[in-house]
Amino acid sequence: MSDKPVVVVAEDEPQIANLVRYKLEKSGYEVLWGKDGQRAWELIQESKPDLVILDVMMPIMDGFEVLRAMHDGPETREIPAIMVTARGMEEDILKGFEEGAVDYMVKPFSVTELAARVKATIGRREQDTE
Amino acid sequence: MNFNSAAGSFIIMVNLVIFFYFAVLNTIYLVLFTAAFIQTKKYSTRRKIVDLYEVFRSPLTPSVSVLIPAYNEEADILEAVKSTLMLHYPHFEVIIINDGSTDRTLELLKERYKLRRITKVVQMNVPCEHIRGVYISTEYENLVVVDKENGGKSDALNAGINVSRHDLVCSIDADSILEPAALLKVARPFIERPFDTVAVGGIVRIVNGCEVVASNVTKVELPRNYWANVQIVEYLRAFLGGRMGWSALRSLLIISGAFGIFDRRVIVEIGGYRRDTVGEDMDLVVRMHRYLREQKRKYRMVFVPDPVCWTEAPQKYTQLGKQRDRWQRGLIESLTGNLRMLFNPRYGIIGLFAMPYFFFFEMIGPAIELLGYAAVVLAVVLGYLNFQFLYLFLALAILYGVIISLIAVYLEGIAYKRYPRLASLLKLSLYSFLENLGYRQLNSWWRSKAYVTYFTRKRKWGKSVRMGYKQVSSYPPPAA
Amino acid sequence: MPQADVLTASIAMAVTYSVIGLFVLVVFMFLSLIVLRIVVARRERTFDGKVEEIRPAVYELLTGDSPAGEVVAELHATIPMQDRRALEYVLLENARVLKGRELEILTMVFEQLGYADEDITTVRHGRDIKKAESAFHLGTMRTARAVPYLVSLLSSSSPEVKFSALNALSKIGTPDAIAAVMEYLATDNDLETMRVAEVILERKQAFSPYLEEWLKRGEADIPRLELLIDLVGVMKDTKAVLVLFDYLAHENPAVRARAASALGSIRDISARDRLEIALFDEDPGVRAEAASALGKVQCIEAIPLLKGSLADPDLAVKMNSAQALSQLGEEGYAALEEGLAASEDQERRVVAEVMAVQQIRNGEGG
C-alpha cells in the first residue's frame, strides 16, 4: 500500500498522457493510465484514486459517461475529477460541472498549471477529511 | 458466301464486340484508378497539415441530423444508438425512425433512453407514412425517436427528414459501424465550400473478421470466409478506385446508404427519397444531379477517400445472391427512372459520361459478359476461333480484371494501410485472382437474373441474417 | 481473306502481350510494395524506439527546475545526428497541445537546435509538399522570424501551401503576420471558407479590427459577405455591432438574416430596437433569425412582439419566437403559455412542443 496519492489519467492521446504522467509522477503521485473510457472506469473502480483527470472525447465511454458512472457508484462518488477537453464551449463547461467535475481545463493547456490544480484539489480534499 | 462462313463472320463479330467491351471496361477502371490515386494523394497531404479537431472546435461547423431507419432491430439498436451518440462532433442530433417494428425495438429504446412523448410539429416536406409519435430522451438532449407505420427504408428516411431541422442530414444503416471522427471527415467539404457542396460520401469497409468492442473496431483483420474475402477485394476496387475515381471526375452517381451526408434543403426540393425502389441511395443522388443541373446551379458532390463506416458483408451464397439481386434492381430502377439524362448534354458530364457508363457497363454489362463467355466457348468449339483469340479473350476478360483488382489492393497497401499485416496484403492479392475466376462470373449471373426479378416486380426491403464479425458487446442482451 | 486473318491474329497477339506485360508490371509493383513495407516497418520501429528514449528528456526539460539553457546544452550534446528527426517529432507533438511557458521552452529548443533554420530553408527552396509541412512546423512552434518567408508563400499556386502559410502566420500572430493574412484574405478570390475561419479564429482579438474594417468597406461577393458576418458574430465582436445594424437593412434578405443571427451571437442588448424592427421584415428567414436573436439578447421588452410572432404564417418564425419566449424567464414563459389558447392549430402545437421540451429538460415529469 503506497502512501503516494493515486491519480487516474483517462486520455486517449498517448502524447498528452505520457507528459501528464511524467509530471505527476515527478510531483510525487502514483499515476494509472486508462487509454479509453472503459479502461479508465475499471481503473477507477479498482484503485479508488484521489483524483481523476478525464478527457472528454474518448472512445467506448466518453468523459461525461465516466463522470456519470462515478457519480452513481457510492464508493466513487466523492472522487474529484478534472475534465480536459479540446472544446472551450460554454455548454460543455457547464455540463461538466453539472455532472460533478470540480475543475476544467481546455487544450492547449499547461502541464505546470494542471499539476498545480491537481495539488490544490487533492490538498483541499485532505483538508476536508481531516 | 455460304452459311458457314456468314455464321462464322457473325460469331467473330460478336466476339470482337465482347473483346472490345472488356478492353474498354478495364481501361476505364485504369483511368478511374489514376484519378483516384491523385485525389487520394492530395487528400493525404491535406490531412498532414490540418487537424481534424479544428473542425470540431470551429463554431462554423454545420449542425447535422443523423437519421437511423430501424425495422425490427432489437438485437442491435441499443448498440447502434450508443455508438452514434458518441460520434465526435460539436452539434448534431440523432433521429431514430422506428419503421413500424413488430419486435421490441421501440420498447428497448424507451427503457434505455427514458423517452418521453412530445407533440412535435412535423411539416410533411416529403411524403411518408403516418407518424404515430415523436419521443425525446430525458437523458440525451440530442436524441429523437420517431415512431411510424411501416413504409420501408426510404419512407422512414423521409419521415426523419420531416422531423429534422438541421441543415445537413446524414443517413446511416442501423448496422453500420461508424468511426468516431466520421462526421468530422464528411462535414469538412461542407465547411470548405458551404455554397456548393450538396452531398458527401466516404469509404465503406467490410467489418467481417475484425474485432469489434462496443461498436469500436479495435483490430482490423481479414476473415476466413471465402465470400467475405472476395467481397473485400471487390469493395477495394469499387470504393478506393471506382467511387473515388468518379468523384475525381465530378461524376459521382452513388453515395452508399450505409453512410452519406446531404444538404437537407436539396433533398426536400427533389421530393425526398423515392419510396418505390430498393436502390434509394443511388436514386437520390441521380435525381439530385438531374434537379441541380436543370436548375443550372453550381454544385459539387464529394467522395472523401477516408474510411468512415464499417458494414457487414453477407457470408453465405444465398444471402449474397439476394443482396446483389437487390442492388442490381436498384440500379435498374434508378437508371430507368431518369432515362432522359442519358446522352443528354443538358446534364453535362453526368449525362454524357457517367450515366452511359452505368447503363452499358453496369446495367447491361453483366448480360454482355455472360453472353461473351457463351459466345467464346461456342466459337472455340465450332472452330471459328483460333487460339490467338482465345488467349486474347482470357487476357482481356480475366487477366486484365486481375490486374485491376491487384492495383486496388496495391492502392490500399500504399495509401491506407488499414490492414497492417503483410500477410493480409498477400492474402488479398490471392483473392484478386479468385475474384476474377468464378466470383465475377457468378456476380454477372446474379445481376442478369435480376432483370427477371425486376420485371416480376418484387419490391421488398429484405432483411439479412446477422453474422460474421466477433462482437464483444458491452451491453447485456435484451431480456427475452 | 488470309491477309486480314493474319493481321487480326497479330493484333490479337499484340494486345494479349500488352496485357500480359501490364500484369508483369503490376506484379513488380506489388513486390516492391512488399519490400517497401518491410523496410518502412523496420524504420518505423527504430524511429518509435528513439522517440520513446527521447521523450523523458524533453519532459524533463518542460517540467524541470533547472534553467532551460543548461538542459538545452545537454540535449545538444547527447542527441546524435540521426536522432534529430525523432527529437523534432517529440517537440512538435508536445507543442501541439501545450501553451504558455512550456510552449516557449519548446520554441527555444526548436530554434537553438537548428530546426527553425531547416524549416525556413525548406520554405524557401523545397518542394510544395515539404513547404507546406515546414510552414506547419514553423506555425506550431511560433517561430516569429519566419514571418517574411511565410508571407512569400502566400503567392504560391498550391492551395495546401497557401493554407499552411495562413495557418502558421495566424498562429504566430505578430502584427506583420496578421496584416499579411488580412491583406491576402481581402484580395484572394479562390477562398475556401474553412481556411479562413480556422485561420482567423486562432487569434480573435488580433483579427477583429481588420474584420470590422472590412465589413465597413463592404464586400460585393455575397457568399464572402455572409461568411464575414458569420465570423464577426461567432467572434462575439461587440465593436462590429454598429456596422451590423447597417447590414440589417441590406437589400439581400440572406445578408439581413445573417446579420440578425450575428447580433444574436454577440448578445449586445443595444441591438434590441433594430432586431424588433427586423421581426417585421418581409422575408421570413430574417424574421426567424430576429426572433431567435431577441431571445439570446435577453430582451424582455420584446415579449409582446414575440407573442405576436407566434401567429406568423412561417413555421420557423413561430418556432424561434416560441423558443425565444421560453428563454425570457417567467414573463416570457407566461406569454408562451397563453399561446396554448391560440385559435390557429399550428401555433398551439408549436407552443405545446416548446413547452414540453422545456419541461423535460428541466426534469419535470412528462
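Look a little higher up for the structure.
My aim in this report is to walk through the structure given alongside it, one point at a time.

Reading the values: rules and limits
Here the residue numbers are simple positions, counted from 1 along each chain's written sequence. Chain letters start at A and ligand numbers start at 1, both assigned in the order the entries are written. The predicted origin of the model limits local features to residues at a pLDDT of at least 70 and limits the giving and counting of side-chain atom pairs to 80 or more, whereas totals for whole chains, interfaces and linings rest on all residues. In short, DSSP must find at least two bridges between two strands for them to pair. Numbering goes from the N terminus for both helices and strands, where a helix is a DSSP run of H or I of at least four residues and a strand is a run of E of at least two. Every helix has an expected span of 1.5 Å times one less than the residues it contains. Values of bend correspond, residue by residue, to the angle between axes fitted over the seven residues ending at that residue and the seven starting there. Exposure in this text rests on C-beta crowding, where 20 or more other C-beta atoms within 10 Å of a residue's own make it buried, 12 or fewer make it exposed, and counts in between make it partly exposed. The C-beta atoms are placed from the backbone. Placing C-beta atoms from the backbone, we regard two residues as in contact once those atoms come within 7 Å. Throughout, the ten residues Ala, Val, Leu, Ile, Met, Phe, Trp, Tyr, Cys and Pro are labelled nonpolar, Asp, Glu, Lys and Arg are labelled charged, and all others, Gly among them, are labelled polar.

Describing the pairing of strand E4 (residues 131-137) of chain B
Residue and element names in this part refer to chain B.
Right, on to step 1. Pairing geometry for strand E3 (residues 115-118) and E4, over four bridges, is antiparallel. The residue of E4 that forms the bridge with Arg-117 is Tyr-135.
Right, on to step 2. Bridge count between E4 and strand E5 (residues 143-148): five bridges; the pairing is antiparallel. Paired with Ile-131 across the strands is Lys-148, a residue of E5.
Right, on to step 3. The hairpin turn running from E4 into E5, its antiparallel successor, is five residues long.

Things to note about helix H7 (residues 226-248) of chain B
Residues that lie three or four places apart on an α-helix share one face, since the helix turns once every 3.6 residues.
Residue and element names in this part refer to chain B.
Right, on to step 1. Over its 23 residues, H7 extends 32 Å from the first C-alpha to the last, a length consistent with the 33 Å expected when each residue adds 1.5 Å.
Right, on to step 2. At Ala-238, H7 is deflected by roughly 25°, the largest bend along its length.
Right, on to step 3. Burial runs high along H7: 19 of the 23 residues are buried.
Right, on to step 4. Backbone geometry just downstream of H7 places Arg-250 in the positive-phi region, at approximately 55°.

Quick notes on the environment of A:Phe64
All names here are of chain A.
Right, on to step 1. Tracing the sequence through the fold places Phe-64 in helix H3 (residues 63-72).
Right, on to step 2. You can call Phe-64 buried: it has 20 C-beta atoms within 10 Å.
Right, on to step 3. Along the chain, Phe-64 and Gly-96 lie 32 residues apart, while their C-alpha atoms are 7.0 Å from each other.
Right, on to step 4. Setting aside residues up to four positions removed in sequence, Phe-64 forms contacts with Val-56, Lys-95 and Glu-99.

Observations regarding the interface of chain B and chain C
Right, on to step 1. Counting residues at the interface gives 39 residues for chain B, matched by 40 residues for chain C.
Right, on to step 2. For the side of chain B that touches chain C, the leading source of residues is helix H12 (residues 387-416) of chain B, giving 14 residues.
Right, on to step 3. Class assignment for the residues of the side of chain B that touches chain C results in 22 nonpolar, nine polar and eight charged.

Geometric values such as these leave the question of function open.
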